[in-house]
Amino acid sequence: MFPAQPLTPVRWIFIPALQVILATWLFIIPLRIFGLQFPEPVFAMVPTFAWALIRPSILAPFCLLLLGVAMDIIWGSPLGLWAVALLVPYGAVLAVRNMLVGQQLFIMWVGFAVACGMAELTGVLVTQVLSHGTPHVLGLVCQWGVTVALYPLADRLIERFEDADVRFR
Amino acid sequence: MALRDNPFSELRLPLLLGAVAALIIALVSALALLLSDRRETLQIQAYGVTQKVGDQVVAPVSGWISTPPRLLQDGLSAIRQYFFAVSENRRLRAELEQARQWRSTAIALQDSSERYRALLGLKVNPPVAMVSGLAVTDSRGPFANSRLVNVGSEMKIEVGNPVMNENGLVGRVVGVAPGVSRVLLLTDVSSRTPVLIDRTNSRAIMVGDGGPNPRLDYLRGQDPVQENDPVLSSGDGGVMPRGIPVGRAVKGLDGRWRVVLSADAGSIDYVRILLFKDFRQLANLPRLAELSVPPPSMEVAVPDGAGLKPAAVPAVVPVSSAKPVVVPAVVRPVTPGPAASRPAKPQPGTNRPAVQTSVPVERPVAQPSSRPAAEDGDIPH
């Protein structure tokens, strides 16, 4: 359990965003250990889920837009794909925020898994429109799985800041 | 009126409403970015300034970051080689024995191939220059499979250049900036590569889907492919040369033909970028279009036994304007001699595929030489 922190944008938006970019960058190093490559989780889903639950914010969507563009540049995907794929689940989580806040860990984890699935599905739809092709199901499931496994990081971020703004307790 | 009497001083936008408005604006901006991206084209302008600048930042930093793990990997590899030296030596000896047998076959085939080329007067691609580079990033998600290579426009790399490693084709260049190139892998969901099945010469389009094994679409003919058939690049479309090893065909779990990529047999750390230009691009097409074409009804007498071989096939040079330009094929002497070449008569009934004799130039018959195949434009495998 972490004590509640004051809600300054630098602490709850900019620093996590920088950490996401660094982690994404580290995981694209072409390194194989015993012939196996690193997985490629979507680290940006952690703040996407947490920011929507902590409190509604004007800054967060624009930060997600920049995060998505940064991920597209790092991964070489079409510019805007991950921005859209992050903003759609952010909006969905924001819409059901009142239902999710304060729930048990398992329910929150399921919510995070659904949000990750929504991001992957948005990516699939965008790719189908842009490239006229459907991504491989196994690749999608792998990326979704390793991203869902990151929920403890989102939980930590939520616990640190969810009580910081008394208007949204 | 005093400031405190301002009727708008108490007006505050509700935070939730502001957040929703910000979300909509951000979403519209993201969609606009998405629609402006035209990655599927081969135009240099399609790779935006943002991506170029991003790549120029990402590549060197990734190179620094990946140096310690790369050194560690090399060290581990050296240790493994030390401990497995005996078995490795035994395996290499067996491979060398097989390679010696293939060597004599390759020399004989090269000799006969050059002889046939000379007899047919085939004009092959000029030698393909190559640039080696180091892959510094590797994105392998379902939506993007690409790599950044630490060589760029300063090495005359262009968008569309094919990329291979020591085992086979890896992909093609989709973005170039000074000091860095982005390589779209064959497995990327937007990758489409014209290939041929080596055994049957059947054509297909290899379509990436983000998985490890791209699928074969648009297969022509009856039973065109069997398990483990070698798959090569077909060169159709002029983006990459013909004959680069791509992989072997396998039946996927979904019942579709897929390709196990040759390039996956080793790491794709070091790659070779082929500075390939289809030789139709090298030809002066406007000049060719100006050439006078003999009327179809004109009879051209080709004396038998004069050392000339009649080549009555009109060579069609495809041009970008979709209007085929018919250029008379070249008549070449079978034996070296002073016999002049002349345009062959086009026969309307003849339906042979146009050989690559688009430039009507005289050329003496090439004698079988001891040049390596790579100098004739072949791709070293």
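Right, let's walk through the structure included here. (Residues numbered from 1 in each chain as written. Chains lettered and ligands numbered in written order. Predicted model: local features only at pLDDT ≥ 70, side-chain atom pairs only at ≥ 80, totals over all residues.)

## Brief notes about the overall build of chain B
Here is step 1: Scanning chain B for helices and strands turns up 5 helices and 14 strands.
Here is step 2: The buried share of chain B, reckoned over its 381 residues, is 30%.
Here is step 3: Contacts spanning at least 24 positions in sequence make up 62% of the contacts within chain B whose residues lie at least 6 apart. (Helix = DSSP H or I, 4+ residues; strand = E, 2+ residues; numbered from the N terminus. Buried ≥ 20, exposed ≤ 12 C-beta atoms within 10 Å, placed from the backbone. Contact = placed C-beta atoms within 7 Å.)

## Topic: the pairing of strand 6 (residues 192-197) of chain B
Here is the key point about a regular strand: its side chains alternate between the two faces of the sheet.
All names here are of chain B.
Here is step 1: In this structure, strand 6 lies alongside strand 7 (residues 202-207), joined through 6 bridges in antiparallel fashion. By the bridge assignment for strand 7, Val195 is matched with Ala204.
Here is step 2: Counting the residues between successive antiparallel strands, the hairpin from strand 6 to strand 7 contains 4 residues, one of them, Asn201, with a positive phi of roughly 60°.
Here is step 3: Sheet topology note: the strand 6/strand 9 (residues 230-233) ladder contains 3 bridges and is antiparallel. (Pairing = 2+ DSSP bridges.)

## Topic: helix 2 (residues 49-83) of chain B
Here is step 1: Its 35 residues place the ends of helix 2 of chain B 49 Å apart at the C-alpha level, agreeing with the 51 Å of an ideal helix rising 1.5 Å per residue.
Here is step 2: The largest bend along helix 2 of chain B reaches roughly 40° and is located at Thr67 of chain B, with the proline Pro68 of chain B sitting one to four residues downstream.
Here is step 3: Within helix 2 of chain B, burial applies to Gln51, Gly54, Asp55, Val58, Ala59, Ser62 and Ser66 of chain B.
Here is step 4: The secondary structure elements touched by the buried residues of helix 2 of chain B are helix 3 (59-75) of chain A together with strand 1 (130-140), strand 2 (145-149), strand 4 (169-177) and strand 5 (180-185) of chain B. (Expected span 1.5 Å × (residues − 1). Bend = angle between axes of the 7 residues up to and from the residue.)

## Quick look at the sheet that holds strand 2 of chain B
Residues and elements named next belong to chain B.
Here is step 1: Here 6 strands make up a closed barrel; going around it, the order is 1-2-5-4-3-12 and the pairing antiparallel. The sheet shows a mean angle of 40° between the axes of neighbouring strands, taken without regard to direction.
Here is step 2: As judged from the 4 bridges shared by strand 2 and strand 5, these two strands associate in the antiparallel manner. Paired with Ser146 across the two strands is Leu184, which belongs to strand 5. (Axes fitted to C-alpha atoms, helices over the stretch in contact; angles between N-to-C directions.)

## Quick word on the interface of chain B and chain A
Here is step 1: With 45 residues of chain B in contact, the opposing surface of chain A contributes 44 residues.
Here is step 2: For the side of chain B that touches chain A, the secondary structure elements donating two or more residues are helix 1 (15-36), helix 2 and strand 1 of chain B.
Here is step 3: For the side of chain B that touches chain A, the leading source of residues is helix 1 of chain B, giving 13 residues.
Here is step 4: Split into classes, the residues belonging to the side of chain B that touches chain A amount to 20 nonpolar, 17 polar and 8 charged. (Nonpolar A, V, L, I, M, F, W, Y, C, P; charged D, E, K, R; others polar.)

## With respect to the pairing of strand 7 of chain B
Here is step 1: Direction of pairing for strand 7 of chain B relative to strand 8 (residues 215-217) of chain B: antiparallel, over a ladder of 3 bridges. Counterpart to Met206 of chain B in the pairing with strand 8 of chain B is Leu216 of chain B.

## Topic: the nonpolar core
Here is step 1: One finds Phe49, Leu86 and Leu87 of chain A to be the most contacted residues of the largest nonpolar core, which totals 105 residues.
Here is step 2: If near-sequence neighbours (up to four positions away) are discounted, Phe49 of chain A is found in contact with Val93, Phe112, Ala115 and Ala154 of chain A. (Core = buried A, V, L, I, M, F, W, Y, C linked by C-beta atoms within 7 Å.)

## Looking at helix 8 (residues 151-161) of chain A
Here is step 1: Residues Tyr151, Ala154, Leu157, Ile158, Arg160 and Phe161 of chain A constitute the buried set of helix 8 of chain A.
Here is step 2: Looking at the buried side of helix 8 of chain A, the elements it contacts are helix 1 (9-26), helix 2 (45-54), helix 6 (105-131) and helix 7 (137-148) of chain A.

## A few points about the packing of helix 4 (residues 81-95) of chain A against helix 6 of chain A
Residue and element names in this part refer to chain A.
Here is step 1: In contact at an axis separation of 8 Å, helix 4 and helix 6 are set at 140° when each is read in the N-to-C sense. In terms of axis orientation, helix 4 runs oblique to helix 6. The interaxial crossing formed by helix 4 with helix 6 has right-handed handedness. Residue-level contacts link Leu81, Val84, Ala85, Leu86, Val88, Pro89, Ala92 and Val93 of helix 4 to Ala115, Met118, Ala119, Thr122, Gly123 and Val126 of helix 6. (Parallel < 35°, antiparallel > 145°, perpendicular 65-115°, else oblique. Left-handed = near helix turned anticlockwise from the far one by under 90°.)

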